[in-house]
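Residues per chain are reported as follows:
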Amino acid sequence: MIVSEFYWKIVSDTARALSIFIIGWYFYRFVKPFLSENRHIYLIGITHIIIMSIQFIVPFEIRGGLADAVGAVAVFVVMYIMDKRNWEKKLFLSVAFYLLEWIAWGIITAVWNITYNISMLVPAVRESFLLQFVAYVIRLILWVVMEIIIMRLLVNLMHRLYIYKSENMTQNELALILAPFASFIMGRQIFRYFNDVYEMDLKRYIWDYHYGYNFILFLYQLITFAAMITVIKTYQNIKASERKEKEETILARQMEDMKNHIGEVEELYRDIRSLKHDMKNHVMVLEKLCGKNEEASRYVTQLMKQIDETTLSAEIKSGNPVTDIIIREKQKEAKEKGIDLQYEFHYPENSKLNAFDVSVILNNAVNNAIEAAVECENPYIYLSSYRKDNAYMIEIKNSFVGKREIDENSGLPFTTKSGEGHGFGLANIRKMSQKYFGDIEIEQGDQAFSLVVMLMIE
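Residues numbered from 1 in each chain as written. Predicted model: local features only at pLDDT ≥ 70, side-chain atom pairs only at ≥ 80, totals over all residues. Heavy atoms only, no water.

## Some remarks on the pattern of salt bridges
Line of reasoning, step 1. Counted by the stated rule, this structure contains nine salt bridges.
Line of reasoning, step 2. The residue E333 makes a salt bridge to K337 at a minimum N-O spacing of 3.4 Å.
Line of reasoning, step 3. Across the salt bridge formed by K435 and D357, the nearest N and O atoms sit 2.8 Å from each other. Of this pair, K435 sits in helix 13 (residues 425–435) while D357 sits in helix 12 (residues 355–373), placing them 78 residues apart in sequence.
Line of reasoning, step 4. Assessed through its relative accessible area of 46%, K435 is described here as partly exposed.
Line of reasoning, step 5. A single salt-bridge network, built from bridges that share partners, covers E167, E173 and K239. (Salt bridge = Lys/Arg side-chain N within 4 Å of Asp/Glu carboxyl O. Helix = DSSP H or I, 4+ residues; strand = E, 2+ residues; numbered from the N terminus. Buried < 20%, exposed > 50% of the residue type's maximum accessible area, 1.4 Å probe, protein only.)

Have a look at this one:
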């Protein structure tokens, strides 16, 4: 029984269409963690599907490598139009996925060729067009299944390796990565060239006569992917070193600025307290001088009351002068921005905590809370602390609109701020907590954000 060419084309086109949708889906999955701040990332997958579908239905043939390159370029253009910032990272994503797709294709093609050769060794299959068609359908199903599995593995592995997804990429860093990537792309073109030359000269596929070709192709794909992993791992190690250096520099600067500022504020408050004390003495003298003048006595009494009721009289008593100043200033800043800041903060007695370490935690945490709460309709911040056995807990709750995306590698939210020094607040809070063998916990609820910092104090 001869199966008509129509049925062969139906199953082939169906498998090709499924492959286009699979690759488009994984292109979207690949770039999503890198561009999580963009709400229209789904357009990337749709663009790739549309471009590859158009190339599939055009009357003239576009060879695999060129077709994939056109799809990758189209996705890069769409990403650039969506957000023109940091085009270097977008170009890296397009080239990296182009190579991942080729690696998956090479591995699957090697398996495809091997299974074909094995099936043709069976006499019954060689002599029956129907069995050949059945074997072809089975191999196509295997192709689709392998494509899903391999692309999932490759994309997930790349996500785990590339840790600092939210950080920008410089042109020098892009050149560092694309230099070896270019050699991988050239290797693909060399394989394609030999395939085409062999087919044109002998009218047969090279793997039909040289079975070792499949092994060489498979091995080259693995070597290429191993080299990609090495390049990206090296790049991430460089970024980790840079980030650590920045964190330490910013933390040291914060500590120094905090010490200087607190020293200046304490000196100012000492002067004000001294002035206040002198004013009281002057008022008492005036009161005696007024004698029996009732109107003057009432005026002096009212003046004394106003002095007693000044905000400086109702000073914050958290148990430590450093945290007193931090809370006082943050409360003043929150009030100016219309934020209700309430606190029940108590510095732990008889502990080995460094007050300036705690001030770094408070300063960064309350700054983040103010920036988030100021965008809410009824903004609030609640700062509290308590002791639980040997653990000292600091909790900051604030109103919040929306939901922050969490970096699966660090466990911290992606920063929504740009510029030098941004994005290190929570990292420095965690560094301070880990200094005391603790950690931080983040919870996002219904229009609320909560940060809990644990410090082991004994």
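## Here we look at the environment of D324
Line of reasoning, step 1. Of note, D324 is situated in helix 11 (residues 321–336).
Line of reasoning, step 2. Relative accessible area serves as the criterion here: at 10%, D324 is assigned to the buried category.

## Remarks on the nonpolar core
The tendency in soluble globular proteins is for nonpolar side chains to be buried side by side.
Line of reasoning, step 1. The biggest cluster of nonpolar side chains holds 51 residues, and the ones touching the most others in it are F30, V31, F92 and F181.
Line of reasoning, step 2. Looking at this core, the elements that each hand over two or more residues are helix 1 (5–31), helix 3 (64–82), helix 4 (87–120), helix 6 (129–161), helix 7 (171–202) and helix 9 (212–290).
Line of reasoning, step 3. In terms of residues, this core owes the most to one element, helix 4, which gives 14 residues.
Line of reasoning, step 4. Those residues in contact with V31 that lie beyond four places of it in its chain are I41, I44, M79 and L93. (Core = buried A, V, L, I, M, F, W, Y, C linked by side-chain atoms within 4.5 Å. Contact = heavy atoms within 4.5 Å.)

## Some thoughts on the packing of aromatic side chains
Line of reasoning, step 1. Inspection of every chain in the model, using the stated rule, returns 16 aromatic pairs.
Line of reasoning, step 2. Taken together, a centroid distance of 4.9 Å and an interplanar angle of 75° make the contact between F34 and Y162 edge-to-face. With F34 in the loop between helix 1 and helix 2 (42–57) and Y162 in the loop between helix 6 and helix 7, the pair connects residues that are 128 residues apart, well separated along the chain.
Line of reasoning, step 3. Note on F34: relative accessible area 2%, which makes it buried.
Line of reasoning, step 4. Taking the relative accessible area as the measure of exposure, Y162 reaches 1% and is therefore buried.
Line of reasoning, step 5. Connected via pairs of aromatic rings, a cluster forms that spans F27, F30, F34, F92, F97, Y162, F181 and Y235.
Line of reasoning, step 6. If you follow R139 out to its NZ or CZ, it ends over the ring of W112, 3.8 Å from the centre. (Phe/Tyr/Trp six-rings, centres within 6.5 Å; stacked < 30°, edge-to-face > 60°. Lys NZ or Arg CZ within 6 Å of the ring centre and 35° of its normal.)

## Some remarks on the pairing of strand 4 (residues 439–445)
Line of reasoning, step 1. Both strand 4 and strand 5 (residues 448–456) contribute to a ladder of seven bridges, which runs antiparallel. In the sheet register, E441 faces strand 5, and the bridge partner there is V452.
Line of reasoning, step 2. Adjacent in sequence and paired antiparallel, strand 4 and strand 5 are bridged by two residues, among which Q447 carries a positive phi angle near 55°. (Pairing = 2+ DSSP bridges.)

## Examining the environment of E344
Line of reasoning, step 1. Assignment of secondary structure puts E344 in strand 1 (residues 340–344).
Line of reasoning, step 2. Judged by relative accessible area, E344 falls into the partly exposed class, the value being 47%.
Line of reasoning, step 3. Spatially, the C-alpha atoms of E344 and L383 are 6.3 Å apart, while their sequence positions differ by 39 residues.
Line of reasoning, step 4. If we skip the residues at most four places from it in the chain, E344 touches Y382, L383, S384 and S385.
Line of reasoning, step 5. Side chain to side chain, E344 and Y382 meet in a polar contact 3.1 Å long. (Polar contact = N/O pair within 3.5 Å; in protein donor to acceptor, adjacent residues only side chain to side chain.)

## What to know about the pairing of strand 1
Line of reasoning, step 1. Direction of pairing for strand 1 relative to strand 2 (residues 380–388): parallel, over a ladder of five bridges. Across the sheet, the residue bridging to Q342 is Y382, located in strand 2.
Line of reasoning, step 2. Handedness of the crossover joining strand 1 and strand 2 through helix 12: left-handed. (Right-handed = clockwise from strand over helix to strand, strands pointing away.)

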